[in-house]
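Structural features, examined
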Amino acid sequence: MLEFLKRPMVVTADINLHVVALTGVGLLSRLWHLTYPRAVVFDELYYGQYISFYMKRIFFVDDSGPPFGHMLLALGGYLGGFDGNFLWNRIGAEYTSNVPVWSLRLLPALAGALSVPMAYQIVSELQYSHCAAMGAALLVLIENALITQSRLMLLESPLIFFNLLAVLSYLKFFNSQKHSPFSLPWWFWLTLTGVACACAVGVKYMGVFTYLLVLGVAAVHAWQLIGDQTLSNVCVFCHLLSRAVALLVIPVVMYLLFFYVHLTLLYRSGPHDQIMSSPFQASLEGGLARITQGQPLEVAFGSQVTLRNVFGKPLPCWLHSHQNAYPMIYENGRGSSHQQQVTCYPFKDVNNWWIVKDPGSHDVAAPLSPHAQEISCYVDYNISMPAQNLWRLDIVNRESDRDSWKTILSEVRFVHVNTSAVLKLSGAHLPDWGFRQLEVVGERLARGHHESMLWNVEEHRYGKGQEQRERELELHAPTRADISRNLSFMARFSELQWRMLTLRTEDTEHKYSSTPLDWLTLDTNIAYWLHPRTSAQIHLVGNVVIWTSASLATAAYVLLFLWYLLRRRRRACDLPEDAWLRWLLAGGLCAGGWALNFLPFFLTEKTLFLYHYLPALTFQVLLLPIVLQHVGDHLCRSQLQRSLFSALVVAWYSSACRTSYTLRPLTYGDRSLSPGDLQALRWRESWDILIRK
């Protein structure tokens, strides 16, 4: 039983020194003088405020992506002891001594550094040569835009890292499938593929493109597996089930986990609360929870309440009325009831308070929505108009007929008894006579239901003093309603996810915004930072040689693929079967990765910047040495042609290195240049190189 103690224990390990060396130079290129500049650089202004929110546990909403990427940046701040106290108000602001700049920039830099050896391993797993794999890694190493983006507190570098990790993990799983299915490494790489895909989506929504890429390739391989007659039905089922769990279930569970951690950390009220529903706001510490603390739960006849529209678009608002009346005659000549205005007001106000019995409606057209009825507060002006202020209350989210109208929790619809119109927020802004407040109308039920017809009580009281106490005793209502216990994680997650997907911030034209076509030709750059006293500056600008070559290689791959496909249709096989399958898989992952991460931007309406192209560029860079090897192996017929082609590749790579070195002052920003030197670096007329006069 103890025989193993009599013999020495020996552990052997295969270490690829090329991977070690590439990791070392990758770390050197990304971590070199990482704290420079010690100032806010471009979008660090944007992400920094969210890091401060995490440090202070303050809730926020960011429509740019799920919270995992923000949490990674915040983790750097936490490890560095950041307390969140810094005013993120302008680019170029000097960081104070309490801001751990190195720690905040560390994780993106590590992600950028590890992308270098991963590029090597991906090309190797695609069964291409060591030279092609080294070429891909070195291109990622020296590409200026990738270096710049990974040395700052930004999310593109982690996104690229998880994109590459997902592809690498799937390739290792696919290759282990050939000789050891269901082995421990097989399970490890399959599971890691799902985890990496979830992390990519969790960093930015753009990660879903790579996730779809992996799912597509996995689906093709699964289809081939189903047709394998050497496998039993049970074995095929186990293969499909394992892939479904790893690539579908695990990413969904992890995505939910990101939000669970996010909502657990951010439990305090913050500046973004107002766009969330009243129950969500009440579940946060402070803010609405502090205002509504101790208020009664059940709403009754005579209750004093504020009513918030559930839909909250275009602005969160509360049902409101003031002493001003509707104009007798509108500008278009239509008449009104000339009763007191009822609107929806996007701010807390004393005129938002209602007693449960008052508002009215009549068969009079609303001011801006003539198909709907006007809502007003009835005032007897001796005009022989009867008061029609009886409303029926429908609780739309009640679980049983016994459920009562509850503060915050109940979503209700008000139906006008006389006309069957439903109280609705139209979303239109009233003219100056309505103080630009939002229009409230009575919409016929026949026109359908919408969240704009739903309201909830936010603040509630029965009255003051003895009246309040007597009403509470009468209704047996609790004096404190713990709303947070009534709102499950899935309810909070669903609402937050919906708000993130539907939130529309105003996209204004930016000086450095660009179009997808500008990215292909590198006709744009972004000035990230300028030294306050010297001409030292940091720009997001790509290596022209690499970008141009990558685009040409992608075009060459597509043309060669179509040529081979047509030839194979004519039963002319120019490539051996194993080379053809390698060519297909490499193109599917690299060219497909480029297309999926690039082409969707032609359909988006948001403001775009050069850094949006970096994930697609990375896939192009992986494809470039693969195309070069293919040309050398299959298109160069003689040894002389191969030698000449190899010499051209060496010369080309030398020019890429030279370009990278020439642009280094704009990449690291650690050297002041003369106006002449800066002008010499302006290789495109459209590049905005900052020259002090």
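Data block above holds the structure.
So, here is what we can say about the structure in this document.

Thresholds, definitions, all that
- Residues numbered from 1 in each chain as written.
- Predicted model: local features only at pLDDT ≥ 70, side-chain atom pairs only at ≥ 80, totals over all residues.
- Heavy atoms only, no water.
- Phe/Tyr/Trp six-rings, centres within 6.5 Å; stacked < 30°, edge-to-face > 60°.
- Helix = DSSP H or I, 4+ residues; strand = E, 2+ residues; numbered from the N terminus.
- Buried < 20%, exposed > 50% of the residue type's maximum accessible area, 1.4 Å probe, protein only.
- Salt bridge = Lys/Arg side-chain N within 4 Å of Asp/Glu carboxyl O.
- Expected span 1.5 Å × (residues − 1).
- Contact = heavy atoms within 4.5 Å.
- Core = buried A, V, L, I, M, F, W, Y, C linked by side-chain atoms within 4.5 Å.
- Axes fitted to C-alpha atoms, helices over the stretch in contact; angles between N-to-C directions.
- Parallel < 35°, antiparallel > 145°, perpendicular 65-115°, else oblique.
- Left-handed = near helix turned anticlockwise from the far one by under 90°.
- Nonpolar A, V, L, I, M, F, W, Y, C, P; charged D, E, K, R; others polar.

Focus on the packing of aromatic side chains
The full count for this structure, using the stated rule, is 47 aromatic pairs. On the basis of an interplanar angle of 55° and a centroid distance of 5.1 Å, the ring pair of Phe173 and Trp186 is categorised as tilted. Of this pair, Phe173 sits in helix α7 (residues 156-179) while Trp186 sits in helix α8 (residues 184-203), placing them 13 residues apart in sequence. Ring centres of Trp519 and Tyr613 lie 5.8 Å apart, and the angle between their planes is 40°; this geometry places the pair in the tilted category. Of this pair, Trp519 sits in helix α15 (residues 516-520) while Tyr613 sits in the loop between α17 (577-598) and α18 (614-635), and the two are 94 residues apart along the sequence. For Trp519, a relative accessible area of 0% gives the class buried. We classify Tyr613 as buried; its relative accessible area is 1%. The structure contains a cluster of three or more aromatic residues connected by ring pairs, namely Trp519, Trp547, Trp594, Phe598, Phe601, Phe602 and Tyr613.

Observations concerning the pattern of salt bridges
In the structure shown here, the tally under the stated rule is 16 salt bridges. In this structure, Arg105 and Glu44 form a salt bridge, with 2.8 Å as the shortest nitrogen-oxygen distance. Of this pair, Arg105 sits in helix α4 (residues 101-125) while Glu44 sits in helix α2 (residues 44-56), and the two are 61 residues apart along the sequence. Take Arg105: its relative accessible area is 1%, and that puts it in the buried class. With its nearest N and O atoms 3.4 Å apart, the salt bridge here joins Arg684 to Asp523. Of this pair, Arg684 sits in the segment after α21 (675-680) while Asp523 sits in the loop between α15 and β12 (526-530), and the two are 161 residues apart along the sequence. Through salt bridges with shared partners, a single network forms among Arg308, Lys348, Glu458 and Glu459.

Concerning helix α14 (residues 489-502)
Under the 1.5 Å per step criterion, the end-to-end length of α14 is 20 Å for 14 residues, consistent within 8% with the ideal 20 Å. Next to the buried residues of α14 lie α10 (233-265) and α11 (278-282).

Comments concerning the nonpolar core
If you look at the biggest cluster of nonpolar residues, it comprises 156 residues, and the most contacted ones within it are Phe59, Leu126, Phe162, Ile526, Tyr528 and Trp583. Ranked by residues supplied to this core, first place goes to α7 with 13 residues. Counting residues in hydrophobic clusters, the runner-up holds 24 residues, among them Tyr330, Cys377, Ile395 and Val457.

Here we look at the packing of α7 against α18
It is the contact of α7 with α18, at a shortest axis distance of 9 Å, that shows an interaxial angle of 40°. Between α7 and α18, the angle falls in the class oblique. The element α7 and its partner α18 pack so that their crossing is right-handed. Counted together, Leu159, Ile160, Asn163, Leu164 and Val167 of α7 and Leu614, Pro615, Thr618, Phe619 and Leu622 of α18 form the full contact between these two elements. When its residues are assigned to classes, the contact of α7 with α18 shows eight nonpolar, two polar and no charged.

Re the packing of α2 against helix α3 (residues 68-79)
It is at 9 Å that the axes of α2 and α3 come closest, and there the two elements cross at 65°. Judged on the interaxial angle alone, α3 and α2 are roughly perpendicular. Every pair of crossing elements has a handedness; the one defined by α2 and α3 is right-handed. Here Tyr47, Tyr50, Ile51, Tyr54 and Met55 of α2 lie close against α3, whose contacting residues are His70, Met71, Leu73, Ala74, Gly77 and Tyr78. Residues that form the contact of α2 with α3 fall into these classes: nine nonpolar, two polar and no charged.

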